[in-house]
Amino acid sequence: MDHLISASLLAADFGNLEKDVLMINRSQADWLHLDIMDGVFVPNISFGFPVIEFIKKVAEKPLDVHLMIVDPDRYLTRFNDAGANILTVQYEACIHLQRTVTEIHNLGMKAGVALNPHTPVSLLKNILPFIDLVLIMTVNPGFGGQSFIMESYNKITELRNIIDTGGYNVLIEVDGGIDTKNAAKLIESGVNVLVAGNSVFSSDDPVKTIHRLKKLT
Ligand code: DX5
Ligand code: ZN
């Protein structure tokens, strides 16, 4: 399968969000990545339901919603109602993770599990049969524009082996510090979905940068 690009709106212009969502619509991005931060799980607060609902009205592509919040079970229905298509929870924030991903599926969304940089992929062994996607955080979550953690390549290779050996139907997504320089090596390592924020929105031509991330030429 060709790899997918999920453009992270955290780096968009919130003074004119419609313009940036329309840019994503006409670009080769496959998904829109929405980072939800609660100021507790991560030391930052981003945006909530009214903003997601607005994006949903304008976006023509699936909403890939990444929850960096404690106790996400309280809000799964709200995120579904707001328009999330893929809902990813942090492994570290879930006590009953299997119940959480089952509820995400029951609501009709795809279910993802995100791992902080220090959380080993071996911990996913018993949840892989129940999920659609693993999001490997390649920075510590909370902010855009951080540097990619090089150790992530080892985690990706290890997870790719576990998924292939077990025959699981699970995508590997990476998030944090992804740009046109490291994208090709990430895909070679077994990644399926690249999240890109600042490398897209801070570039002179975001549509062209997305094209380069997609085609990797
Ligand atoms: C970080 C977020 C990322 C962020 C990525 O906590 O989960 O999705 O937007 O931004 P860049 O691509 O700028 O590192
Ligand atoms: Zn994210």
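Residues numbered from 1 in each chain as written. Chains lettered and ligands numbered in written order. Predicted model: local features only at pLDDT ≥ 70, side-chain atom pairs only at ≥ 80, totals over all residues. Heavy atoms only, no water.

### A word on the site of ligand 1
Then, number 1: As a structural note, the neighbourhood of ligand 1 is formed by 20 residues, with Ser8, Asp35, Gly142, Asp175 and Gly177 the closest of them.
Then, number 2: Within the backbone of Gly142, one N or O atom sits 2.7 Å away from an oxygen atom of ligand 1.
Then, number 3: Gly145 has a polar backbone atom sitting 2.9 Å from an oxygen atom of ligand 1.
Then, number 4: A total of 380 Å² of accessible area belongs to ligand 1 in isolation, and the protein chains cover 99% of it.
Then, number 5: Counting only elements with at least two residues in the shell around ligand 1, the list comes to β2 (31–37), β3 (63–68) and β8 (193–196). (Near = heavy atom within 4 Å. Polar contact = N/O pair within 3.5 Å; in protein donor to acceptor, adjacent residues only side chain to side chain. Areas by Shrake-Rupley, 256 points an atom, 1.4 Å probe, with all protein chains shown as cover. Helix = DSSP H or I, 4+ residues; strand = E, 2+ residues; numbered from the N terminus.)

### Brief notes about helix α5 (residues 152–166)
Then, number 1: Across its 15 residues, α5 extends 21 Å between first and last C-alpha, which sits within 8% of the 21 Å expected from 1.5 Å per residue.
Then, number 2: Here α5 has its buried residues at Ser152, Tyr153, Lys155, Ile156, Leu159, Arg160 and Ile163. Seen end-on, α5 carries its buried residues on one side only, within an arc spanning 155 degrees.
Then, number 3: Against β5 (110–115), β6 (133–137), β7 (171–175) and α6 (183–188) lie the buried residues of α5.
Then, number 4: Immediately beyond the C-terminal end of α5, within one or two residues, lies Gly167, with a positive phi of roughly 70 degrees. (Expected span 1.5 Å × (residues − 1). Buried < 20%, exposed > 50% of the residue type's maximum accessible area, 1.4 Å probe, protein only. Arc of directions from axis to C-beta. Contact = heavy atoms within 4.5 Å.)

### Focus on the side chain of Asp64
Then, number 1: Tracing the sequence through the fold places Asp64 in strand β3.
Then, number 2: Buried charged residue Asp64 carries no salt bridge. Nearest counter-charge: Lys56, at 12 Å.
Then, number 3: Sequence-distant contacts of Asp64, defined by excluding residues within four places in its chain, comprise Ser6, Trp31, Leu32, His33, Leu34, Ile86 and Glu173. (Lys, Arg positive; Asp, Glu negative; His and termini not counted. Salt bridge = Lys/Arg side-chain N within 4 Å of Asp/Glu carboxyl O.)

### Here's the deal with the pattern of salt bridges
Then, number 1: As enumerated under the stated definition, the model contains three salt bridges in all.
Then, number 2: Between Arg160 and Asp164 there is a salt bridge, with its nearest N and O atoms 3.0 Å apart. With Arg160 and Asp164 both in helix α5, this residue pair falls four residues apart, about one helical turn.

### Focus: the coordination of the zinc ion (ligand 2)
Then, number 1: Within the protein, the zinc ion (ligand 2) binds to His33 (NE2), Asp35 (OD), His66 (ND1) and Asp175 (OD); these donor distances fall in the range 2.0 to 2.3 Å.
Then, number 2: For the zinc ion (ligand 2), the six donor atoms in the first shell make angles of 70 to 167 degrees at the metal, a pattern classed as octahedral.
Then, number 3: Sequence spacing of the donor residues for the zinc ion (ligand 2), all on one chain, is H-x1-D-x30-H-x108-D. Here Asp175 lies in strand β7 and His33 lies in strand β2, a separation of 142 residues in the sequence. By the burial criterion, His33 is buried, and Asp175 matches it. (Donors = N, O, S within 2.8 Å, 3.2 Å for Na, K, Ca; no water. Tetrahedral: all angles 85-135°; square planar, octahedral: opposite > 155°, others 65-115°.)

### A word on the nonpolar core
Then, number 1: Counting residues in each nonpolar core, the largest one holds 61 residues, and the members touching the most others are Ile52, Ile55, Val65, Phe79, Leu87 and Leu186.
Then, number 2: Once you skip the residues sitting within four places of it in the chain, Ile55 turns out to touch Leu9, Leu17, Val21, Leu32, Leu34 and Leu63.
Then, number 3: One finds Leu4, Trp31, Ala114 and Val139 within the second-largest nonpolar core, a separate group that totals nine residues. (Core = buried A, V, L, I, M, F, W, Y, C linked by side-chain atoms within 4.5 Å.)

### What to know about the packing of helix α1 (residues 17–26) against helix α2 (residues 49–58)
Then, number 1: At their nearest, the axes of α1 and α2 sit 10 Å apart, and the two run at 45 degrees to each other. In this view, α1 runs oblique relative to α2, as classed from their interaxial angle. Taken as a pair, α1 and α2 cross one another with a handedness that is right-handed. Residues Leu17, Glu18, Val21, Leu22 and Asn25 of α1 form the contact with α2, whose own contacting residues are Val51, Phe54, Ile55 and Val58. (Axes fitted to C-alpha atoms, helices over the stretch in contact; angles between N-to-C directions. Parallel < 35°, antiparallel > 145°, perpendicular 65-115°, else oblique. Left-handed = near helix turned anticlockwise from the far one by under 90°.)

### Observations regarding the packing of aromatic side chains
Then, number 1: On inspection of all chains with the given rule, the structure shows four aromatic pairs.
Then, number 2: A centroid spacing of 4.7 Å and a plane angle of 50 degrees characterise the contact between Phe49 and Phe79, whose relative ring orientation is tilted. One end of the pair, Phe49, is in helix α2; the other, Phe79, is in helix α3 (residues 76–82), with 30 residues separating them in the sequence.
Then, number 3: Here Phe49 falls in the buried class, since its relative accessible area comes to 13%.
Then, number 4: Overall, Phe79 belongs to the buried group, its relative accessible area being 3%.
Then, number 5: With a centroid separation of 5.2 Å and an interplanar angle of 55 degrees, the aromatic rings of Phe148 and Tyr153 are classed as tilted.
Then, number 6: A relative accessible area of 14% places Phe148 in the buried class. (Phe/Tyr/Trp six-rings, centres within 6.5 Å; stacked < 30°, edge-to-face > 60°.)

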